[in-house]
Amino acid sequence: MSSFIQSFIDPKKNFLARMHMKAISTRLRRYGLRYDDLYDQYYEMDIKEAMNRLPREVVDARNQRLKRAMDLSMKHEYLPKDLQAVQTPFRGYLQEMLALVQRERKEREALGALPLYQRTLP
């Protein structure tokens, strides 16, 4: 059953998934964002921990992209077409670190150790 689901969401195998990916790519390019920029560090503590482990340059670049996107959105504008063409919306920077943090959390839970962080409301 899981292979069916994997083939259903794979853009290489499913036309609808390919159309969805293209639509998401177009919307991200308009504002100069990457897909990993959409993760909210206040939604899940694993994302916050992964963001803390990233190099400072990567986090600063993410913050600049988010500020630019908010500015463009407030002005009801998009990036110029020449800048949209050079954007890489699906070039990830957070997924590997997030997977590492989740593996470490699951390993700590399996060993019965205390969690790295306690969930608190912001």
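Residues numbered from 1 in each chain as written. Predicted model: local features only at pLDDT ≥ 70, side-chain atom pairs only at ≥ 80, totals over all residues. Heavy atoms only, no water.

- Looking at an unreviewed UniProt entry, one finds the protein chain named Cytochrome b-c1 complex subunit 7 and attributed to Arabis nemorensis.
- Under Function (unreviewed entry), UniProt gives the following word-for-word description of the protein chain: "Component of the ubiquinol-cytochrome c oxidoreductase, a multisubunit transmembrane complex that is part of the mitochondrial electron transport chain which drives oxidative phosphorylation."
- The annotation that UniProt attaches to the protein chain under Sequence similarities (unreviewed entry) is "Belongs to the UQCRB/QCR7 family." (UniProt positions renumbered as here; feature names shortened; annotations may be inferred.)

## Focus: helix 4 (residues 56-74)
Stage number 1. Its 19 residues place the ends of helix 4 27 Å apart at the C-alpha level, agreeing with the 27 Å of an ideal helix rising 1.5 Å per residue.
Stage number 2. Within the sequence span of helix 4, burial applies to Val 59, Arg 62, Arg 65, Ala 69 and Leu 72. Axial view of helix 4: buried residues confined to an arc of 155°, hence all on one face. Counted as exposed and oriented over 90 degrees from the buried face of helix 4: Arg 56, Glu 57, Gln 64, Lys 67, Met 70 and Met 74.
Stage number 3. Those residues of helix 4 that are buried lie in contact with helix 2 (15-31) and helix 3 (45-53).
Stage number 4. One or two residues past the end of helix 4 sits His 76, with phi positive at roughly 55°. (Helix = DSSP H or I, 4+ residues; strand = E, 2+ residues; numbered from the N terminus. Expected span 1.5 Å × (residues − 1). Buried < 20%, exposed > 50% of the residue type's maximum accessible area, 1.4 Å probe, protein only. Arc of directions from axis to C-beta. Contact = heavy atoms within 4.5 Å.)

## Looking at the nonpolar core
For soluble globular proteins, the rule of thumb is that nonpolar side chains tend to be buried together.
Stage number 1. Core analysis: the biggest nonpolar cluster contains nine residues, these being Ile 47, Ala 50, Met 51, Leu 54, Val 59, Tyr 93, Leu 94, Leu 98 and Val 101.
Stage number 2. Counting only elements with at least two residues in this core, the list comes to helix 3 and helix 6 (95-111).
Stage number 3. Per-element tally for this core: the top contributor is helix 3, with three residues.
Stage number 4. Aside from chain neighbours lying at most four places away, what touches Ala 50 is Leu 94, Met 97, Leu 98 and Val 101. (Core = buried A, V, L, I, M, F, W, Y, C linked by side-chain atoms within 4.5 Å.)

## What to know about the pattern of salt bridges
Close approach of charged atoms allows side chains with opposite charge to pair.
Stage number 1. Under the counting rule described, the total for this entry stands at seven salt bridges.
Stage number 2. Arg 53 is the salt-bridge partner of Glu 104, the closest N and O atoms lying 2.7 Å from each other. With Glu 104 in helix 6 and Arg 53 in helix 3, this pair connects stretches of sequence that are 51 residues apart.
Stage number 3. The class of Glu 104 is partly exposed, set by a relative accessible area of 26%. (Salt bridge = Lys/Arg side-chain N within 4 Å of Asp/Glu carboxyl O.)

## Considering the packing of helix 3 against helix 6
Stage number 1. As a packed pair, helix 3 and helix 6 sit with axes 9 Å apart at the nearest point and diverge in direction by 120°. Judged by the angle between their axes, helix 3 and helix 6 are oblique. As helix 3 packs across helix 6, the resulting crossing turns out to be right-handed. Residues Asp 46, Ile 47, Glu 49, Ala 50 and Arg 53 of helix 3 form the contact with helix 6, whose own contacting residues are Met 97, Leu 98, Leu 100, Val 101, Gln 102, Glu 104 and Arg 105.
Stage number 2. Its residues placed into classes, the contact of helix 3 with helix 6 shows six nonpolar, one polar and five charged. (Axes fitted to C-alpha atoms, helices over the stretch in contact; angles between N-to-C directions. Parallel < 35°, antiparallel > 145°, perpendicular 65-115°, else oblique. Left-handed = near helix turned anticlockwise from the far one by under 90°. Nonpolar A, V, L, I, M, F, W, Y, C, P; charged D, E, K, R; others polar.)

## Structural notes on the packing of aromatic side chains
Stage number 1. For the coordinates displayed, the defined rule picks out three aromatic pairs.
Stage number 2. For the ring pair Tyr 35 and Tyr 39, a centre distance of 6.4 Å and an interplane angle of 85° mean the geometry is edge-to-face.
Stage number 3. The interplanar angle of 35° and the centroid separation of 5.9 Å between the aromatic rings of Tyr 35 and Phe 90 together place this pair among those described as tilted. Of the two residues, Tyr 35 is situated in the loop between helix 2 and helix 3 and Phe 90 in the loop between helix 5 (81-85) and helix 6; the sequence distance between them amounts to 55 residues.
Stage number 4. A relative accessible area of 38% places Tyr 35 in the partly exposed class.
Stage number 5. With relative accessibility at 39%, the residue Phe 90 sits in the partly exposed group.
Stage number 6. Through pairs of rings, three or more aromatic residues link up here, namely Tyr 35, Tyr 39 and Phe 90. (Phe/Tyr/Trp six-rings, centres within 6.5 Å; stacked < 30°, edge-to-face > 60°.)

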